[in-house]
Amino acid sequence: MDKLRRVLNGREDNEELGLTAQVLDASSLSYSTRVKWFVICFAAGVLCSILGSALLFLPNGIKLFAVFYTLGNIAALASTCFLMGPLKQLKRMFEPTRLIATIVMLLCLVLTLCAVFWWQKRGLAIIFCILQFLAMTWYSISYIPFARDAVMKCFTTCLS
């Protein structure tokens, strides 16, 4: 009855859906399509990171390195949205076990670009790129059960 009432009032179904529901409807891809776009997006991220590393040795290449390396990390991070959906990805990013790694990673993404373009500090940009890598690695292994514990145990064994 409600559907008939909506049609007679001239309202379409999408107008009553909230933004969240529209995004979820827009991301209803088949599993094979999700995997294909994950691979494409992840490969583009890796390619951007490698390209950025190659451009580091050009004159004034630090800016290109920072931009391409940051874009590569963003693309690699966004690629997982195809596997689990954007909202589920955001929810899992900000779970208590990943909260610190997520904040540090996102902060380093922004600070890398700030160091290159606004502050004009090359060394600081390199430090933020290294921190980006470490934060992204720590964030990524949080999805593997007991991987963080194994890495911490390995480092404590090596250091003692």
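Look up: the structure comes first, before these words.
Values in this document were obtained by computation on a predicted structure and should not be read as measured data. Per-chain numbering applies: the sequence of each chain, read as written, is numbered from 1 onward. Totals for whole chains, interfaces and linings use all residues, but because this is a predicted model, local features are given only for residues with pLDDT of at least 70 and pairs of side-chain atoms are given and counted only at 80 or more. For the side-chain quantities, the full set of heavy atoms in the structure was used; hydrogens and water were omitted.

Peer 1: Is there a simple way to explain the nonpolar core in this structure?
Peer 2: What we call a nonpolar core is a set of buried Ala, Val, Leu, Ile, Met, Phe, Trp, Tyr and Cys residues that are connected through their side-chain atoms within 4.5 Å. The cut-offs for exposure are 20% and 50% of the maximum accessible area for each residue type, with area from a 1.4 Å probe on protein chains only; residues under the lower value are buried, those over the upper are exposed, and the others partly exposed. Residues A76, L77, M93, A101, M105, A135, M136 and Y139 constitute the largest nonpolar core, which totals 8 residues. Under the DSSP-based scheme used, a helix requires at least four consecutive residues in state H or I and a strand at least two consecutive residues in state E, with every element numbered from the N terminus. Residue assignment for this core shows that the elements contributing at least two residues are α5 (61–84), α7 (99–117) and α8 (122–141). In terms of residue count, α8 provides more of this core than any other element does, 3 residues in total. Setting aside residues up to four positions removed in sequence, M93 forms contacts with L77, R98, L99, T102, M105, L106, Y139 and Y143. Membership of the second largest hydrophobic core comes to 5 residues, among which are A66, A115, A125 and F128. Note on contacts: a residue pair qualifies if any of its non-hydrogen atoms lie within 4.5 Å across the two residues.

Peer 1: Is there a simple way to think about the pattern of salt bridges in this case?
Peer 2: When their charged atoms lie close together, side chains carrying opposite charge are able to pair. Salt bridges are defined as contacts in which a side-chain nitrogen from Lys or Arg sits within 4 Å of a carboxyl oxygen from Asp or Glu. Counting across every chain of the model gives 1 salt bridge. For R98, the salt bridge goes to E95, with nearest N and O atoms at 2.6 Å. In this structure R98 comes out as buried when scored by relative accessible area, which is 4%.

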